[in-house]
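One letter stands for each residue in the lines below.
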Amino acid sequence: MLAKNIFILTGAGVSAESGLSTFRDKGGIWSQYRLEEVASIQGYERNPSFVLDFYNMRRNTHGGIEPNAAHVALAQLEEAWSARGGSVTLCTQNVDNLHERGGSKRVLHMHGEIAKARCHDCGALAPYDGDLSVNLGCAACGRTGGMRPHVVWFGETPLLMDEIYEALSAADLFVSIGTSGNVYPAAGFVAAARAAGMPTMEINLEASENAHLFDMGRYGKASEQVPAWVTEMVALAD
Ligand code: APR
Ligand code: ZN
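The structure presented is a predicted model; accordingly, all values stated were derived computationally and were not measured. Residue positions are given per chain, counting from 1 as you read along its sequence in written order. Just so you know, chain letters begin at A and ligand numbers begin at 1, following the order they were written in. Restriction of local features to residues with pLDDT of at least 70 applies here, the model being predicted, together with a cutoff of 80 or more for giving and counting side-chain atom pairs; totals for whole chains, interfaces and linings are based on all residues. Each side-chain value is worked out from all heavy atoms of the structure, with water and hydrogens disregarded.

Participant: Looking at this structure, how should I read the site of ligand 1?
Facilitator: With respect to spatial proximity, 23 residues lie near ligand 1, and among them Phe23, Arg24, Trp30, Thr179 and Ser180 are the closest. A distance of 2.6 Å is found between an oxygen atom of ligand 1 and a side-chain nitrogen or oxygen belonging to Ser180. The contact in question runs from a nitrogen atom of ligand 1 to an N or O atom on the backbone of Ala222, over 2.9 Å. Note on areas: these come from Shrake-Rupley sampling with a 1.4 Å probe, and a residue is covered only by the protein chains present in the view. Compared with its free state, where it exposes 730 Å², ligand 1 has 94% of that area covered by protein. Grid spacing is 1 Å over the protein atoms alone, the probe is 1.4 Å, and a cavity is where that probe fits but cannot get out, while a pocket is an open set with protein on both sides within 12 Å along at least five of seven lines and lining residues have an atom within 4 Å of a point. Each molecule is checked against the cavity or pocket grid, and it sits inside if more than half of its atoms lie within 2 Å of the grid points. With respect to the pocket detection grid, ligand 1 is positioned in the largest pocket. In these notes, residues near a molecule or strand are those with any non-hydrogen atom within 4 Å of it. As used in this structure description, the phrase polar contact means that two N or O atoms lie within 3.5 Å; if the pair is within protein, one of them must be able to donate a hydrogen and the other to accept it, and residues adjacent in sequence are counted only when both atoms belong to side chains.

Participant: Would you mind going over the sheet that holds strand S7 (residues 173-177) with me for this structure?
Facilitator: The strands making up a sheet associate through hydrogen bonds between their backbones, and the pairing can be parallel or antiparallel. Reading across from one edge, S3-S2-S1-S7-S8-S9 is the order of the six strands in this open sheet, with parallel pairing throughout. Two strands in the sheet have a free side with no partner beyond their single neighbour: strand S3 (107-109) and strand S9 (216-219). The sheet shows a mean angle of 20° between the axes of neighbouring strands, taken without regard to direction. When strand S2 (residues 87-92) meets S3, the two strands line up parallel, connected through three bridges. Bridge pairing links Leu90 to Val107 in S3. Only heavy atoms matter for contacts: two residues are in contact if any of them lie within 4.5 Å across the pair. Interaxial angle, 0 to 180 degrees, is taken between N-to-C directions of lines fitted to C-alpha atoms, where a helix line uses only the stretch in contact. Numbering of helices and strands runs from the N terminus, with a helix taken as a DSSP run of H or I at least four residues long and a strand as a DSSP run of E at least two residues long. On the sheet, helix H7 (residues 161-169) packs against strand S1 (5-10), S2, S3 and S7 and is oriented at approximately 130° with respect to S1. Should DSSP find at least two bridges between two strands, the strands are regarded as paired.

Participant: Before we go on, may I ask you to explain the environment of Gly145 in this structure?
Facilitator: Note on placement: Gly145 falls in the loop between strand S5 (125-127) and strand S6 (147-151). According to the relative accessible area criterion, Gly145 is partly exposed, its value standing at 37%. Expressed as a C-alpha distance, the spacing of Gly145 and Asp238, which sit 93 residues apart in the sequence, is 55 Å. Look past the residues within four positions of Gly145 in its chain and what remains in contact with it is Tyr44, Val134 and Leu136. Each residue's exposure class comes from its accessible area (1.4 Å probe, protein chains only) as a fraction of the maximum for that residue type: buried when under 20%, exposed when over 50%, partly exposed otherwise.

Participant: Would you explain empty space enclosed by the protein in this entry?
Facilitator: The rolling of a water-molecule-sized probe over the atoms marks out the regions of remaining empty space. Grid points are joined across faces, edges and corners, and a volume is the space filled by probe spheres set on the points. Summed over the entire model, instances satisfying the criterion amount to one cavity of 30 Å³ or more. By volume, the largest cavity is sized at about 50 Å³. Lining the largest cavity are 13 residues, and of these Leu9, Ser176, Thr179, Asn210 and Phe214 lie nearest its centre.

Participant: Sorry, what's going on with the nonpolar core here?
Facilitator: Where a protein is soluble and globular, its nonpolar side chains tend to be buried together. Grouping buried Ala, Val, Leu, Ile, Met, Phe, Trp, Tyr and Cys residues that are joined through side-chain atoms within 4.5 Å yields what is termed a nonpolar core. Ranked by internal contacts, the top residues of the largest apolar core, which has 22 residues, are Ile6, Ile8, Leu77, Val175, Ile177, Val226 and Trp229. Of all the elements in the fold, those that place two or more residues in this core are S1, helix H5 (69-83), S2, S7, strand S8 (200-204) and helix H9 (222-237). In contact with Val175, other than residues within four places in its own chain, are Ile6, Phe7, Ile8, Leu9, Met201, Ile203 and Trp229. By size, the runner-up hydrophobic cluster in this structure holds 20 residues, among which are Ala39, Val51, Phe54 and Ala117.

In structure tokens:
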């Protein structure tokens, strides 16, 4: 029986071939920076400029990158499933906008989006792709010193969790793509999917920490494995 509602979780591995570093691979971001210093609320309060510079550097690496075949294939799957009365919910841990630029319409950014800035004081949120600094004033409340990237830090609650769990519980297929299965709550989604009785599949460069929890695994580059899987799914739906 072909799945009607597919829940897809993606991680940094889906954007790796577009040129963005992952976090825990060899040479990844957490081998160059201490996570506690640049991606935690404590790190931000201790040294806001250092944290803002880290995200300015990361945002600048996002310039000039393009979606890869995996992003495009996931958008094609969403279109094909919508056309047949089904759905694809794409929940991403990534803060880049490559899924949207690849054509996906419904993208849930549970760790936020690096091309948006949020005021720590009034919560105002707006697209912002310039460099952030402690001298930047908030366009909404006028205060300075509180503008931060709209990115969820360790110790903070991920975004859209109600919508995510609602979509996960309504799904009949769970697919995890390009994530090491290290960070919760995302790493716990496969267990929730299994508890709900749906089939689970992992697509990754190599077996993740959670590989044993998946019914199926397809290993190799996302830009090859994801289009191959989507082609099979669309053919089955025809
Ligand atoms: N194709 C498919 N998978 C790949 C590719 C590729 N080309 N390159 C790397 N991978 C896989 C790696 O094998 C690894 O399992 O992608 C995964 C990336 O894992 P991480 O670097 O841990 O990234 P991710 O799982 O997204 O991290 C989750 O941790 O630091 C936080 O907030 C950050 O959202 C991030 C979260
Ligand atoms: Zn403000």
